[in-house]
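# What the coordinates show
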Amino acid sequence: MFGRTRIRGLGVIALMVIACLGNETIASSILDINEDGWHTWRAPAIENSRTLCCFSWTGSGARQRICDLDRGHGDYSSSSTIARYSGEIQVYVFIESGQASKISVLSPQCEVVASTEISDLGSVSADDSIDWLRPYLNASSDVASDALAAISRHSGNYAFQVLTEVVESNADFDFREEAVFWMVMSETDNAFAYIDRLIMGK
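A brief look at the structure comes next. (Residues numbered from 1 in each chain as written. Predicted model: local features only at pLDDT ≥ 70, side-chain atom pairs only at ≥ 80, totals over all residues. Heavy atoms only, no water.)

## Section: the pattern of salt bridges
A side chain with one charge may pair with a side chain of the opposite charge, provided their charged atoms come close. Here is the rule: The term salt bridge refers to a side-chain nitrogen of Lys or Arg lying within 4 Å of a carboxyl oxygen of Asp or Glu. Secondary structure elements follow DSSP: runs of H or I of four or more residues count as helices, runs of E of two or more count as strands, with numbering from the N terminus. Each residue is assigned to one of three classes by its accessible area relative to the maximum for its type, calculated with a 1.4 Å probe on protein chains only: buried under 20%, partly exposed between the two thresholds, exposed over 50%.
Scanning the entire structure with this criterion turns up 3 salt bridges. With a shortest N-O distance of 3.9 Å, Arg-42 and Glu-88 are connected by a salt bridge. In this pair, Arg-42 is assigned in strand 1 (residues 37–44) and Glu-88 in strand 6 (residues 88–96), connecting sequence segments 46 residues apart. Classification of Glu-88 as partly exposed rests on a relative accessible area of 27%. Between Glu-165 and Arg-134 there is a salt bridge, with the nearest N and O atoms lying 2.4 Å from each other. Placement of Glu-165 in helix 4 (residues 157–167) and of Arg-134 in the loop between helix 2 (126–133) and helix 3 (144–152) is noted, with a sequence separation of 31 residues between them. Look at the salt bridges and you will find they share partners, linking Arg-42, Glu-88 and Asp-120 into a network.

Next comes the structure, spelled out in structure tokens:
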């Protein structure tokens, strides 16, 4: 969990970066999801990814609990005290009328429940997973923020590229600010180097 001071600091970074910018984003998909309901797949995670799960926070720290996928959007948090990094993330999407209405990313070891059966699509590459999520990064999508957060947890340069395109796009200011936030949260060398260049005006 991140303290208020750090979150406020990240917000300032986001504002500084977005004050400098403008381009758009395209996508395609290799994952074949046709049926409504819950679907899940695993993909490579960013290096040293924290455990992403659902926790109860008490005075003694974080206690892992079962994640109810049917409740809300992106209902998860991270903990550095529960370290069981597997090198993968588990993407969950709920499809209604052919479109995603919920997207969550957790660690594979997290226990989940849902009101309906979850179709497990196995393991896919980070790029293929991002390609499936990428079309939801648009103003008409109710899950754009969740798709953005999910993409940021994928390993490889493609996730960084997509986040960069959002930051430099003509998207809504708040959405671009979110992209900077998730870029910082990814804690990758590429992300920090990019933000440094923007702040320095290089």
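## Topic: the packing of aromatic side chains
The test is simple: Classification of ring pairs rests on two measures: the distance between centres of Phe, Tyr or Trp rings, Trp counted by its six-membered ring, which must be within 6.5 Å, and the angle between planes, read as stacked under 30 degrees, edge-to-face over 60 and tilted in between.
If you walk through the whole model with that rule in mind, you get 5 aromatic pairs. Between Trp-41 and Trp-132 the ring centres are 5.3 Å apart and the planes differ by 70°, which places this aromatic pair in the edge-to-face class. With a gap of 91 residues between them, Trp-41 in strand 1 and Trp-132 in helix 2 connect regions that are remote in the sequence. Accessibility assignment for this pair places Trp-41 and Trp-132 in one class, buried. Between Phe-181 and Trp-182 the ring centres are 5.2 Å apart and the planes differ by 80°, which places this aromatic pair in the edge-to-face class.

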